[in-house]
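Chain and residue survey
Now for the letters of each chain:
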Amino acid sequence: RGQAAPKPQPGRDGNRRGGNRGGRHHDQEPLFDGPVVPLAKTDNRWVPVKDDSAVVRVNKLVQGILNKMTKEKFNRLATQICNIDIESFDVLDLIIKKVYEKAIDEPAFGDMYASLCVQMSEKMSDAQSFVSIVNYDSNASANAFSSNDGPYYWSANVNSTDSKVIGPFTSAEECVDVALGDEPMEPIERGSAELEIVKLIVEDDIFVKIMKRTGSTDEFYTVFFAVSDAEEAGQSLSQKFDDLDACLNDAKKKNSFKFSLLNKCQDEFQKADIYVDWKKEKSEYEEKKADLTEKERAEAEEDLEFRRAKIKKQMLGNVRFIGELYKKAMLRENIMHECIRTLMKVDYVKDEIVPQEDNLPDEEDHEALVKLFITIGPVLDGRDNSKKKNTNDKMKSYFNRMKSLSGDMSLSSRLRFMYQDLIELRA
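Thresholds, definitions, all that
- Residues numbered from 1 in each chain as written.
- Predicted model: local features only at pLDDT ≥ 70, side-chain atom pairs only at ≥ 80, totals over all residues.
- Heavy atoms only, no water.
- Helix = DSSP H or I, 4+ residues; strand = E, 2+ residues; numbered from the N terminus.
- Buried < 20%, exposed > 50% of the residue type's maximum accessible area, 1.4 Å probe, protein only.
- Contact = heavy atoms within 4.5 Å.
- Areas by Shrake-Rupley, 256 points an atom, 1.4 Å probe, with all protein chains shown as cover.
- Pairing = 2+ DSSP bridges.
- Phe/Tyr/Trp six-rings, centres within 6.5 Å; stacked < 30°, edge-to-face > 60°.
- Core = buried A, V, L, I, M, F, W, Y, C linked by side-chain atoms within 4.5 Å.
- Polar contact = N/O pair within 3.5 Å; in protein donor to acceptor, adjacent residues only side chain to side chain.

1. Side note on the overall build of the chain
- Along the backbone of the chain there are 13 helices and nine strands.
- In the chain, which comprises 427 residues, the proportion classed as buried is 38%.
- Across the chain, contacts joining residues at least 24 apart in sequence account for 66% of those joining residues at least 6 apart.
- When the accessible surface of the chain is split by element, carbon and sulfur atoms take 48% of a total near 26100 Å².

2. Considering the sheet that holds strand β5 (residues 195-203)
- Strand order in this open sheet of five strands is β4-β3-β7-β6-β5, and the pairing throughout is antiparallel. Two strands bound the open sheet, and with one partner strand each, they are β4 (188-189) and β5.
- With two bridges connecting them, strand β3 (residues 164-169) and strand β7 (residues 220-226) associate as antiparallel partners. Bridge pairing links Phe169 to Phe220 in β7.

3. Brief notes about the packing of aromatic side chains
- As enumerated under the stated definition, the model contains four aromatic pairs in all.
- Measuring from ring centre to ring centre gives 6.1 Å for Phe373 and Tyr398, while their planes differ by 70°; the resulting arrangement is edge-to-face. Residue Phe373 is located in helix α11 (residues 363-381), and its partner Tyr398 is located in helix α12 (residues 389-406); the two are separated by 25 residues in the primary sequence. In terms of burial, Phe373 and Tyr398 fall into one category: buried.
- Ring plane angle 70° and centroid distance 5.4 Å describe the contact between Phe373 and Phe399, whose orientation is recorded as edge-to-face. Placement of the pair is Phe373 in helix α11 and Phe399 in helix α12, with a sequence separation of 26 residues. In terms of burial, Phe373 and Phe399 fall into one category: buried.
- Among the aromatic residues, ring-to-ring pairing joins Phe373, Tyr398 and Phe399 into one connected group.

4. A short note on the nonpolar core
- Core analysis: the largest hydrophobic core is formed by 76 residues, its most contacted members being Ile95, Leu116 and Phe321.
- Per-element tally for this core: the top contributor is helix α3 (residues 89-105), with nine residues.
- Not counting residues within four places of it along the chain, the set of residues in contact with Ile95 comprises Val58, Val62, Ile81, Ile84, Ile86, Met120 and Met124.
- Ala193, Leu200, Ala230 and Ala233 belong to the second-largest nonpolar core, a separate cluster that totals 15 residues.

5. Let's talk about the side chain of Ser260
- One can find Ser260 in helix α7 (residues 257-269).
- Separated by 3.0 Å, the side chain of Ser260 and the backbone oxygen of Ser256 make a polar contact.
- Setting aside residues no more than four positions away along its own chain, Ser260 makes contact with Phe89, Leu92, Ile96 and Lys254.

It is worth stressing that arrangement in space is one thing and function is another; only the former is reported here.
Printed below as a string of structure tokens:
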């Protein structure tokens, strides 16, 4: 009473209530009748984010164990490392990296860390359990997406802990349809949902991971991306294999503890110039040296010398660790001969070693060569073993070369005396 009547509200069709009530405009023109433009890949498209929580947790655990490692506590602590659950190759690679860094940083304990590697190689021999085969289902049914016809891929870091997933869907087939379709889907937070992997496929160059909620039979989720985006998504993916056995053998070899450890040692050993970064820093220092105070110059030179000493220590530690691995039968003898020839800068031609032209060993090569022979000499020499005649002939050639180097006046007296001491040690 005393107030104006309320204004009529617009209806769903945009008209005010009261007119054309309850109906729609059946003669309304279609909103769009033109051709559909194909979807284009945008710069901010959704790509799954790699879950690194397991790596972070293992990193802290392994570092703590290695910091306590001594020969007295070796058995107990080695068992703790060997019992770590290897959830992915990233975890395995992290453990190898940590042990390797400790071994080269503490060369006096190289034999202890080599023994640790032997135990890890034996007890982690089934680490390939974290490898997943793509386009293969041991329980394949008749539906299209469970074909075992290949092609096959392997991946070493598949998990079901993605922070964001797409779904839910009522079937695995629906997950595949969505992944291969053109309609964009918004991911949702996985939250605390426990998921388990059902199937991995690659179809039309799209990697599709199908998961379901644990305990459910009709609640499925998926994560998918172009194969070309695998690295960006943090998903390892091998080359394509047409044969399943070839795929399995390749996965087993490349995800073994021993293969990964030896690759790490080889990569470090074969670095063309270990001082490349140091030389760059020294060159930058020389350019601005004139503008620095005497105190600043002293600090910079001290830091450069410290870094150079650390690089040299790591290089010598790596050589010694390689020798300790050979003594534990983790490396074959031919690898040792290759290391010796690389350090000595010689080629083996018709049972004779020939110095390489324009490729002389530097000071670090000489020192590393002596360290390597001190470590493996008694094992490699094998003078009392008639089966090692070929090895004995090579050893004779090596020491003839070192005898020549011990009298080379172009070398520093320190290096000449190192060779002389080694020759006397063998006598």
